[in-house]
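Summary of the model geometry
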Amino acid sequence: MRLKNILGIALSVGCLLGSCSKENEPTSPPNNSEGTNEQPTTPATPATPAYPEIPNPDPTSRLLYNGISLPTVWPPTTSTAYVTSGMTPNYLFNKPSVIDITIGRQLFVDDFLISQTSLKRNWHRAEYHPSSPVLVPEKEWELNGKGGGSAAPFSDGVWYDETDNKFKMWYMAAGGSYGGGNMVTCYAESADGINWTRPSLNVVAGTNIVHSGKNRDSNTVWLDKNAANEYERYKMFQSSDGAGNWKYHYYTSSDGKAWREVNESKSIADRSTVFKNPFRGVWVWSLRHNVRVNSATLIRGRDYMENADATAGNKLAEADLQRFWFGAWPSEPTHPVYTDVQPAIYNLDAIGYESVMLGIFSVWSGPENDVCSADGVIKRNQLLLGYSRDGWNWYREDFVPFCPVSDDKSAWNNGNIQSAVGSPIIVGDKLYFYMSGRHFSSTGQEIVSTGLATLRRDGFASMSGTGEILTEPLKFSGEYFFVNAAIKGSLTVEIQDEKGTPITGFTKSDCVSVTGDGTCKQVKWKNNETLSSLKGRTIRVKFFVNDGDLYAFWITPFEKGNSFGYTAGGGPGLYKLGIDAPY
């Protein structure tokens, strides 16, 4: 379904519940008929703001929603010679002449939006929730031997489903006597994302097992909120069949519990996953591929394949170095003990968040399995982030783990942290990230549990300190200007024309200073509460920050602050079609 049409559905519902509160709500206008002989007229029905024209996510288009033009050869080809060189997105050096900011909150995770700045970009990391782990192996089918077991996503999926107001988790369990020696896939649900229950289902009577019978490895469960067919609302891409015979097995479901198999892929490797790029309307197969650099060096990398159709794409998916994507970046964190091990990308899960693709990179730093067994350690795997504006190129500047392991050997996250598909979930002013973590029990068995970490909404990076930011020329829809900021001093905003000349009525001196801390604060000018008089014009925005952190800004037609951005794994109170729109 075209995104423009999706937004039209929201418009027809007419319940304008906002995604964030706005300070200083205006009072009702005075009754102008009072004291006259005129008959009071029926108040005009307030005009409903028109939805902006959002580019149709046509997979064949070379012009993206933000103004980026894709190269003629797409996907691009990358030489495996660059397996340890990482990526530098070319759109940061070859920017569009005008950047379209219609979709979503605009994040300062790179310099794409910035023409000039004297502020410093600060990176922020998630904090583990004190309730972590929120799910531990305790049922017979989650246990595997005395004192060990697994109850955690290995990608799998944790989503918020706005149709029935539930957090939903799919996770890998050890299997016990139910798996026939294989791991099984289970389902849990929660009202708050912290306290989880295991419903008794009839897929495997008396358990919460929803899939078994295959030698499963990683798994992707995608809640496709815009699926045209209700029986395909839940999609599962499971890497299974075992060493030397790994394939994606593709399943669909109407409820995420009873699954039917659709097809299987060609040959792949384990720890391969899938994600959807909503900005381009394509499914992406993130395929693990071990690259032989020389006779002594084998490096983990990723291949890339995309298709607008999940069924057709999965049937064609195959690990192929002709589709090589990327390997490790030079600055990946190394192991503090096994310093001779060269770090590698173990997995990439990704999701549309606001105006960017958010990538969660599982970075492995060793040691290899045989060394782990000999030394009694768990291989170190940590989660780091990256950001993409075209879905293929990734920008990574921060190489401090976003979700690190713990040096405490008894901690639930002592080693091998793996991401969960669907993260983050938006819960008020917070983002919820789910992941698995491992540690050894007192009897030496490996226990895999589910953890939760939180971050401020949009809080990946902030432009910090005292100074200025001038944006590139921008195209916008809407009229209400919002920021996500924590300001100790003051923040003022000036609107300039595309040549950099301040626009009368929108200068720095016209702006009503913003102070305090809020993830959705409206910016106004003394005689202009909105940008309605500037519609259709190309503008630049200049921010003047005095002792503060600026995380994001956006311009929207809705005074409640809905951004039209993608809401990743969803969240309480958000629109059920996966975008930040009124409903």
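As the structure is a prediction and not an experimental result, all values here were calculated from the model.

Here we look at the pairing of strand β17 (residues 297-307)
A large share of β17 lies buried, amounting to eight of its eleven residues. Note: strand β16 (residues 282-294) against β17, eleven bridges, orientation antiparallel. Following the sheet pairing, Arg292 is matched in β17 by Leu298. Of the strand pairs in this sheet, β17 and strand β18 (residues 324-326) are connected by two bridges, and their pairing is antiparallel. Pairing of Arg302 across the sheet is with Phe326, part of β18.

Describing the packing of aromatic side chains
In this structure the tally under the stated criterion is 38 aromatic pairs. Ring plane angle 85° and centroid distance 5.7 Å describe the contact between Trp329 and Phe361, whose orientation is recorded as edge-to-face. A residue pair is termed long-range when its members are at least 10 positions apart, and Trp329 in the loop between β18 and β19 (344-354) and Phe361 in strand β20 (residues 356-366) qualify at 32 residues. Residues Trp329 and Phe361 agree in their burial class; the two are buried. By way of ring pairs, the aromatic residues Phe108, Phe481, Phe506, Trp525, Phe543 and Phe553 are connected into one cluster. Arg271 extends its terminal NZ or CZ atom over the ring of Phe154, reaching a point 4.1 Å from the ring centre.

What about the confidence of the model for the protein?
With 90% of its residues at a pLDDT of at least 70, the protein reaches an overall mean of 91. Here residues 1-19 scores under 50 on pLDDT; set against residues more than four positions off or in separate chains, the count is 44 contacts. Confidence drops under a pLDDT of 50 for residues 21-46, and excluding neighbours within four residues, the segment shows ten contacts in the predicted structure.

Remarks on the pattern of salt bridges
Going through the model one piece at a time under the given rule, you end up with 30 salt bridges. In this structure, Arg121 engages Glu397 in a salt bridge whose closest nitrogen and oxygen atoms are separated by 3.5 Å. In this pair, Arg121 sits in strand β4 (residues 120-123) while Glu397 sits in the loop between β21 (380-388) and β22 (415-419), placing the two residues 276 residues apart along the sequence. Classification of Glu397 as partly exposed rests on a relative accessible area of 36%. As a salt-bridge pair, Arg216 and Asp156 come within 2.9 Å of each other at their nearest N and O atoms.

Remarks on the nonpolar core
Across soluble globular proteins, you tend to see nonpolar side chains buried next to one another. Ranked by size, the top nonpolar core spans 126 residues in total, and within it Phe460, Phe481, Ile495 and Phe543 carry the most contacts. Here Phe460 is in contact with Leu107, Val109, Asn122, Trp123, His124, Tyr353, Leu358, Leu385, Tyr387, Leu431, Phe433 and Leu455, once residues within four sequence places are set aside. Core analysis: the second largest hydrophobic core is formed by 23 residues, Tyr171, Cys186, Ile425 and Leu452 among them.

What counts, and where the lines are drawn
Residues numbered from 1 in each chain as written. Predicted model: local features only at pLDDT ≥ 70, side-chain atom pairs only at ≥ 80, totals over all residues. Heavy atoms only, no water. Buried < 20%, exposed > 50% of the residue type's maximum accessible area, 1.4 Å probe, protein only. Helix = DSSP H or I, 4+ residues; strand = E, 2+ residues; numbered from the N terminus. Pairing = 2+ DSSP bridges. Phe/Tyr/Trp six-rings, centres within 6.5 Å; stacked < 30°, edge-to-face > 60°. Lys NZ or Arg CZ within 6 Å of the ring centre and 35° of its normal. pLDDT = per-residue confidence, 0-100. Contact = heavy atoms within 4.5 Å. Salt bridge = Lys/Arg side-chain N within 4 Å of Asp/Glu carboxyl O. Core = buried A, V, L, I, M, F, W, Y, C linked by side-chain atoms within 4.5 Å.

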